[in-house]
Amino acid sequence: QAQETIPASRMDILSTLDILRLAPAEGVKVGVHFTKGLKLMIVLNVMFDILPPLELGSHRNSVMSQLDNRRKSLQDDSPISVTWTQKVRSLVEELCLPDLIFWSDEEESAESDDQFANMALLRLSHFTQRLVASSLDTRLSIAKKLMSLACLLCHCDGSQCSSSFGDKSSRSLSTILEAIVHLLDWPENQVSSELRRLLFAGVAKVVRHHVLKNESEGPDQLANIIFRGLEDKERSVRLSAGNALAGLLRAMDLNGFNVEVIFDRLYRTFNVVNIPIKETLIITVGMAGSNKIDAIKQSSGKSLFSTLGRHLSRVALFLLSRTYTEPTLLTETCRLMAMSPATFVSMTAQLTYPQLFGNGDEKALRSIARILDVSVSALYVQEAPLILAYAFQLQGPGQTAKAIEFVEKIVATDLQGDVKVTLQDLLKSCQVQILAEIIINLGQPEKANFALAALQKFQQAMAFKGRENSQDLATFLKPHTLGVFSQLSDFLQEVKVKVSTERKQLILRSMGALARHVGKAISDYAPQYMSTFQTMILVEELSEVTLETWQVFLTMLEPDEIKPFVGPTTAAFISSWAKLNANARNLALRSLEYLILEIGVQLEEHLDDVVDLSSLPELQHLAVHLEASRQEWTTKDRLQRILNHCTSDNLTVALLSVGELKTFLEAQAKPIHQLASGDVFDPLVGQIMTTLIALACRDGDGTEPLRLLTFECIGILGALDPDRLEITVKDPSMVVLDNFEDEEEAIIFAMHLIRDLLVGVFRATNDVVYQRYLGFTLQELLRVCHFTSSLVVSGNGGPPTAKTRNRWKSLPKHVVETLISLLDSKYSFHPSPTVQTEHPVYPTQSTYREWIQIWTCHLIDRASGPMARRIFDSFPPTVRNKDVVVAYHILPHLVLNILISGHDDDAEAIRIELKTVLEDQINSESSSHPDKKLLSAQAVFMIMDHINKWVRVVRQSITKKKSESKRSRDHQIDTKLEEQLLRVDSILSSIDQNLIAKAAFKCKAYARSLMSFERQIVALQEQARNNPDLPAYYERLHEIYSHLDEPDGMEGVSTLIMSPSLEHQIRQHESTGRWTSAQSCWEVRLQQVPDNVDFHIGLLRCLRNLGHYDTLRTHVKGVLIRHPQWEAALAGFQAESAWIVGAWDEVQTMVENTSSQTSPIVLARLLLAMREGLPEVISTSISAARSVLGAPITAAGIRGYRRSYESVLDLHLLRELETIHGVLNQLPSGSQGLSQRRRNEALAKLSEQLSARFESTLPTYRIREPILSLRRTAFSLVPIPRQILAVEHGQSWLTSAKIARKAGHWQTAYTAMLQATQNKTRFSFFESAKLTKALGEPLRALTELENSMKSLGMLDEPNDVVDLTGDDDARKDMKAKASNI
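Residues numbered from 1 in each chain as written. Predicted model: local features only at pLDDT ≥ 70, side-chain atom pairs only at ≥ 80, totals over all residues. Heavy atoms only, no water.

## A short note on unusual backbone geometry
Then comes step 1: The linkage connecting His 839 with the following residue, Pro 840, adopts the cis geometry, with an omega of -5°.
Then comes step 2: Secondary-structure assignment places Pro 840 in the loop between α44 (813-819) and α45 (848-861).
Then comes step 3: A positive phi angle is found at Ala 338, which is not glycine, with a value near 60°.
Then comes step 4: Topologically, Ala 338 is positioned in the loop between α17 (327-337) and α18 (341-347).
Then comes step 5: Of the residues examined, Ala 338 reaches a relative accessible area of 72% and is grouped as exposed. (Helix = DSSP H or I, 4+ residues; strand = E, 2+ residues; numbered from the N terminus. Buried < 20%, exposed > 50% of the residue type's maximum accessible area, 1.4 Å probe, protein only.)

## Here's the deal with the packing of helix α25 (residues 431-440) against helix α27 (residues 473-493)
Then comes step 1: Orientation of α25 relative to α27, taken along the N-to-C sense of each, is 75°, at an axis distance of 8 Å. In this view, α25 runs roughly perpendicular relative to α27, as classed from their interaxial angle. Residues Gln 431, Val 432, Gln 433, Leu 435, Ala 436, Glu 437, Ile 439 and Ile 440 of α25 lie in contact with α27, whose contacting residues are Phe 476, Leu 477, His 480, Gly 483, Val 484, Gln 487, Leu 488 and Phe 491.
Then comes step 2: Across the contact of α25 with α27, the residue classes break down as 10 nonpolar, five polar and one charged. (Axes fitted to C-alpha atoms, helices over the stretch in contact; angles between N-to-C directions. Parallel < 35°, antiparallel > 145°, perpendicular 65-115°, else oblique. Contact = heavy atoms within 4.5 Å. Nonpolar A, V, L, I, M, F, W, Y, C, P; charged D, E, K, R; others polar.)

## Topic: the environment of Leu 613
Then comes step 1: Summarising the element assignment, Leu 613 is placed in the loop between α34 (600-603) and α35 (620-628).
Then comes step 2: You can call Leu 613 buried: its relative accessible area is 2%.
Then comes step 3: Not counting the four nearest positions on each side in its chain, Leu 613 is found in contact with Ile 574, Ile 596, Leu 619, Gln 620, Leu 622, Ala 623 and Leu 626.

## Some details on the layout of surface pockets
The probe, sized like a water molecule, is rolled over the atoms to show the empty space still left.
Then comes step 1: Space inside the second largest pocket adds up to approximately 2,200 Å³.
Then comes step 2: Taken together, 49 residues line the second largest pocket, and the ones lying closest to its centre are Ser 313, Gln 350, Leu 351, Ser 500 and Arg 503.
Then comes step 3: The biggest single contributor to the lining of the second largest pocket is helix α22 (residues 384-392), with five residues. (1 Å grid on protein atoms, 1.4 Å probe; cavity = no way out; pocket = protein on both sides within 12 Å on 5 of 7 lines; lining within 4 Å. Points joined across faces, edges and corners; volume = space filled by probe spheres on them.)

## A short note on the pattern of salt bridges
Then comes step 1: Under the defined criterion, the tally for this structure stands at 54 salt bridges.
Then comes step 2: Put simply, Asp 1110 and Arg 1113 hold a salt bridge, and the shortest N to O gap is 3.1 Å. Taken together, the residues span about one helical turn, with Asp 1110 and Arg 1113 both in helix α59 (residues 1109-1122) at a distance of three residues.
Then comes step 3: One salt bridge connects Glu 1206 with Arg 1262, and the closest N-O pair in it is separated by 3.3 Å. Linking Glu 1206 in helix α64 (residues 1205-1225) with Arg 1262 in helix α66 (residues 1261-1277), this pair joins segments that are 56 residues apart in sequence.
Then comes step 4: Note on Glu 1206: relative accessible area 43%, which makes it partly exposed.
Then comes step 5: Each of the salt bridges in this network shares a partner with another, and the network as a whole consists of Lys 662, Glu 666, Glu 712, Arg 1186, Arg 1215 and Glu 1218. (Salt bridge = Lys/Arg side-chain N within 4 Å of Asp/Glu carboxyl O.)

## Concerning the packing of α64 against α66
Then comes step 1: At a minimum axis separation of 10 Å, α64 and α66 run at an interaxial angle of 25°. As far as their axial angle goes, α66 and α64 are roughly parallel. Classified by chirality, the crossing of α66 by α64 is right-handed. Across from Tyr 1205, Glu 1206, Leu 1209, His 1212, Leu 1213, Glu 1216, Leu 1217, Ile 1220 and Leu 1224 in α64, the residues of α66 making contact are Arg 1262, Ile 1263, Pro 1266, Ile 1267, Leu 1270, Arg 1271, Ala 1274 and Phe 1275. (Left-handed = near helix turned anticlockwise from the far one by under 90°.)

## Considering the nonpolar core
Then comes step 1: Membership of the largest hydrophobic core comes to 214 residues, with the highest contact counts inside it found for Phe 344, Phe 357, Ile 871, Phe 872 and Phe 875.
Then comes step 2: Every residue in contact with Ile 871, bar those within four places of it in the chain, is listed here: Phe 740, Ala 746, Phe 749, Leu 753, Leu 781 and Val 784.
Then comes step 3: Listed in part, the 91 residues of the second largest apolar core include Cys 697, Leu 1168, Ala 1316 and Leu 1331. (Core = buried A, V, L, I, M, F, W, Y, C linked by side-chain atoms within 4.5 Å.)

## Things to note about the state of the cysteines
Then comes step 1: Applying the stated criterion across every chain yields a total of zero disulfides.
Then comes step 2: Cys 646 supplies the cysteine sulfur nearest to Cys 713, a cysteine that is in no disulfide, at a spacing of 7.4 Å. (Disulfide = S-S within 2.5 Å.)

## Considerations on helix α16 (residues 312-320)
Then comes step 1: Buried residues of α16: Leu 312, Ala 316, Leu 317, Leu 319 and Leu 320, and no others. Buried residues of α16, seen end-on, are gathered within an arc of 165° and therefore sit on one face of the element. (Arc of directions from axis to C-beta.)

## Points about empty space enclosed by the protein
Then comes step 1: Under the counting rule described, the total for this entry stands at seven cavities of 30 Å³ or more.
Then comes step 2: Considering the residues around the second largest cavity, the lining is formed by Leu 482, Phe 485, Ser 486, Ser 489, Gln 528, Phe 762, Val 768, Gln 771, Arg 772 and Tyr 827.
Then comes step 3: Only α27 and α42 (768-784) provide two or more residues apiece to the lining of the second largest cavity.
Then comes step 4: Residue contributions to the lining of the second largest cavity peak at four residues, all from α27.

Structure, rendered in C-alpha cells:
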C-alpha cells in the first residue's frame, strides 16, 4: 500500500512518512521507493530517523537493510559534489522535520556565506520550540546535528574546534544554544547521561565558534548552562561541561571579558560540593590552564619553556624548592613542557642554584643532585661564580656569612681527609666572574647600592685573614677591570649562553657604572670599550643604552685621552644615525656637542678627526662650527685631511671618509684635473690613487661597501697615466737576519709586529672576540720584549732595565696607550688538538683565505728555535680568525725560519706548496676560483721576494765581514751563515724559473715574468752562446714587451730572432697598427689550427680595430654555431660590436643568454639599462658593474696599479657613461634662446671635463680608443636630436683619427677621418692634411690644406700677424697652426 501511495516526489514522501510516524498501525506493509536527485541522501537520513519507532513487523529488518545499503552506495559513489550551502540547507531541513522549508529567492541568492548562515539560523529559530522529539534516540540525533551545524556554519570540519574561538565567523550561534537549552530542560528521567554529555559537548562547540558581542549573548548565559553540568552526577557529563567551561574562559579572555568572575564562582562551588565533583572541577581548571598555555604557544610560536620568559626564574625556583616535599610538581610541569626533569634542572641552573645555595636549602639541593645523579658539591662547582655573587649581595644581617658557611660545608663534604676549604680558596678560582656578576647589578639603580655593598664585602674577603683592606674601590677594581670587561663582553656576544635583550641592556649600563667607579684609569681599557660600543650601537634594541653608556665613558676621560677616539666615535654616530630613535639621537647629539663645543679646543688638531656632519640637518650647527674653525684651509689642506682619515684602521671612519672624498672629488673636479695634468702629476694625485688602491685591497668582514665606494672614487679620478703618476707604497716588513737566535733582533721583530701590525688591527676591529685573540697575542709579545706594568706603575715587580725602558719610550704614543692595559693582562689560550694537515694544503682548500690560514697555522707548529716558537706560538687564535692580514704578514717569516733551520721534511713540504700554487696558475684545466689562484700566487711571490731579500742581505753581510776581518770567530759565524744561505739558495733554485715566469705571466705580473725569463736567458747564454733554446725565450720576451706596450723593447728583441714565428709577426703588426697584415696572419693561423679559440680572438681583435663590426659579428655567430662552448670567451666581442652598430636587440638577447661577467658584458647590461631609462635599474646596474670591474684591482694588490690598469680604465669608462647619461638627460629641451644657451653651456662643460680626463690617461692608442668609442655609444643612448650632439660626435672621431695617426695606425686613422668628415667636424681638414702627409704625400697634403683654408676664407686675411685675442679663438688657433704647417 505504501509503495502505491508514495510517489517519487520529495514532499509527498516526507508527508507520507510523517503520517506513518504519527499514526503507526499494525500490519502495514512498507516498501522502499528510491528517488534520484540531490535530496535523496536527505530522504534516506530522515527515514532512518523516523522508521525505527514504527511497527514494521517482519518487514523491519528488510526495510532497514535496504535503506542502509542504498545510503552506503550513495556515500561510495558521491557522484555530485555537495556545496557548503547545500550542506547547511540539508542540516536545517533535517532539524526542522516534520515541517518543510521552502527557501526563498533571497535566501537562494545570498551574496555571502555569512548572510546565508544568518538566514539559516533565522529559519531554525522559528522551530526551536518543536525541536524536542519524543524519542530519546531522536533527541540524541538532534544533539549531534546541532553540534555539526555549529561547526558547519563556521566552515569548521570539527578537527580544529579547539583552536577556533570565533576567529572564522563573526555570526552569533545563540539559536543553536537555545535549542540545546530546550533539550536540557526536559525532566531528568527523560534526558539520558549520554544526551547530556552530547549537549554539553555541543555547548563547547558553540562557545568556540560563538562571538561574545553583547550582554544578551555574553558569558553569563553560557556560564549558567555550563555550571549545571559541572554538578551533574555523571562524571562524563561533568567532564564535558568542564571542557565547555574551559572553552568559555578562553573565549572570554580573547574578547576582553573578566574571567575572574568565573573563577570566583568556581571557587564558591568548590567549597560546597562533594569530593567527586571537586575532582572534576580541578580537572576543569587544568583544562582551562592548558588551553591558555596552548593559546600563548600558538600566538608566540615558541615552546612553553621559551614562553615563560622572564617568569621562568620564579617558576623554576618554585618547582625546585619543592622537589623534596612535592616532587610531582616538577614531574608534571616537565611533562607539560615535553622535557625531562634533568633537562629542566640543567637549563634553569643559573636561575635557581644561587638562591637555593644562598638560602641553604640542602634538602632541595640533594633532591636536585639525585635527579642529575651528581653530588651537591658538583652543583656548586657548576655555577660557583653566580652562587658566590648572590651570596655577597644578600643584605640581611649575617646572611652573606651564613650562605658562605653553607657553601664551605657542601664543598668540604666531598674532600678527603682533614682538608679545609677557606673563603679565599673559593674566591680565587672565579674572582673575575664573581666581580662581573656583581658589577652587572650596578646597572640597575634600585640594586646599585646592594651591588656596591657586595663589592666592599668581596674586597674585604679577598684581603688576607685578619687584615683590613685599605684600598679604595677604584684601586681594587683596576687590576680586575680587563677580566671583568671580557666577561661582560662575552655576555653581550653570547659566547657561551644566550642572553636576553633586557640583560644586555643591563650589562651595557653596568659598563658605564664600572667606568665611574674605576675612574680615570678606565682610559687604559678604552680600545675594549670602543670596540664594544661600535658593535652594540648597530643593534636596534641596544643602541639607546649603548649611547647612554658611551656618553658616560667619554666624560670619564681627559681630553688628551679622548683624542684617538674622536674619529671612531663620530663615525659610529653618523653611520648609524638613520637607525637611531629620537632618544638615541639626542644622546648622540649631546656627546657630539660635548666633543666639539665643550672640549673641542682642548682636542686641538684631533678635532679635525670629526667626520663630515653636513649631511644631517640636526647637526648643521656643529658642521657650521667646524667649518668656521677651518676657514684658512686651502683645497690641498682639506684633501690631505680626508686622505689621512681614509687610511684609518677603523672601518667606519674609513668608509665615511671615502664618502667624503667622493664628494670632494666631484665638487673640486677642475682643481683635481689641474693637479693631474702635465708631464708629471702632482704628488698629491699620486697620494690619492695610492690611498684608493690600498682601500680597494683592504681585507676583512664588512669591507665590501668600502670597496665599492673606493671603486667609484677611482672612476671619478680616472685612469691616470702610470708613467706620470707616482705610486708610493711603504714596505713595513722586516728581515730577521739571524733567524731569531739573536735575542735583541728577535725583540726588535716582536716590537715591529706590535707597532706596525697588531695594535692597528686591535684598535680598529669591532669584533670583541677577535680583539681578545689579538689581546692574547699582544700580551705574549709584550712578555717577549720584557715589557711589564713596572714601566708605568712603580712597585709592580722589579724595575725594568734601561734598555727595556728605552724600547718602551720608542713606541708611538697611541701604541703605548693601547698596550698599557695589556701589560698585566691574564689572557689565556688553550690550543685545540693538532689536526693532521694534508700536504700540499693548497689543493684541499676552496678559497685563498682558508689556504693561507691553515698553512700559516701549520707552519707555526713547525717553527724552529725556542725564540721563534715563543713569538709565533701566540698567533694561532689570531690567524684562525676571519681576517688574513696577520697571517699574510707573518707567513714569509715562518717560511724563512723553517727553510733556514727547520726539519728537511718541512722545508721540502714548503717547496712543494710553493710549486703547487705556481703550477695551478698555468693549468688550463684548473678548477680553482680565479681569485684564489691570483691571490695565492701573489702570496707566493711575496714569500719568494722576502726570501730573496734575506739572501741578498746575508750575501752582503758575508762579503762585508770577509773584507773586514779574517778572524777565526768571525769566520765561524760566516761559515754558519754560508751554510744557511746555501740551504735556502738550494731550495729556491730547485723551483723551476720557467714555471715562475709562466705563472707570473698568467698573473699579468709581466715585470716579474720578464725578470725570470731574462735570468734563464743569461743562464743559457753562459752555457753556449748559440744555444738552440734561446729563440723560444726571445719569443717570450717579445710577447711580454707587447703586453707591457713597449715597442722599443719589441724591436730590440726582434733583432735577436733570426726566423720570426707567425705569432711574432702578428705581435709586431699589432704593435705598429698594421691590423690588415695582422688579420692576414691570423687567418693563416686559423687555416692551420681552426679549433683554437685564442686564434679566433686574435682575428676578432683585428676586425674590431679595423672597424669591421658587421664582419666581426658574423664571424662570432659562425664560430659559436660550431663551438657553442666558446660563448663566454667571445661574448665580449659580440656585445661590443653589437652596441657600436646599434643592434640593441642582439645585445639584449646575448646578455640574457650568458652568465659571463666580463667587462664588455657588464657594460652591455648597463647600456641596456640606460636605454630603458629607469633610474632604479640604472643604479643597480652601475653598482653591479662597479663590483665586477673593480675586482681585479683588489686581486692585483697595493703594488699592482700598472698590472690592474685595464680595470682602472673600465672604472674610468663606467664613470664617463654615468656622467654623460646624467648630463644629457638633464639638457633643456626647449628651442628658445635661454634653453639653447643653457644646453650649450652644459655640453661645453661636459666636453671640457671629458677632455681633461682624456688627457690624463696613458697616451696609447690601445688605451684611449676604447674611451672615445664608448663615449660615442653613450651619446647615442639618449633620444635627443642628433644635430645637438653632432659637434661631440665629430670631435670624438677627429680625436680617434689623431691618436691613430700618432700611433702609426694609418688604416684606422683613415676610417676615423672619414667619420669626422661625414659629421662635418669643424677644422677636420687640418687632421686630414696631417694624415695625408704621414702617408707620404706632402704635396697633396699642402694642396688640401690650402684649398680648405681658401674655402673658409682664412687666406684672405693678413698673414703677417695672427691676432689670437679675437672672439673666435678656435678659428684663430687653427689658422695659426695651419699657417705654421
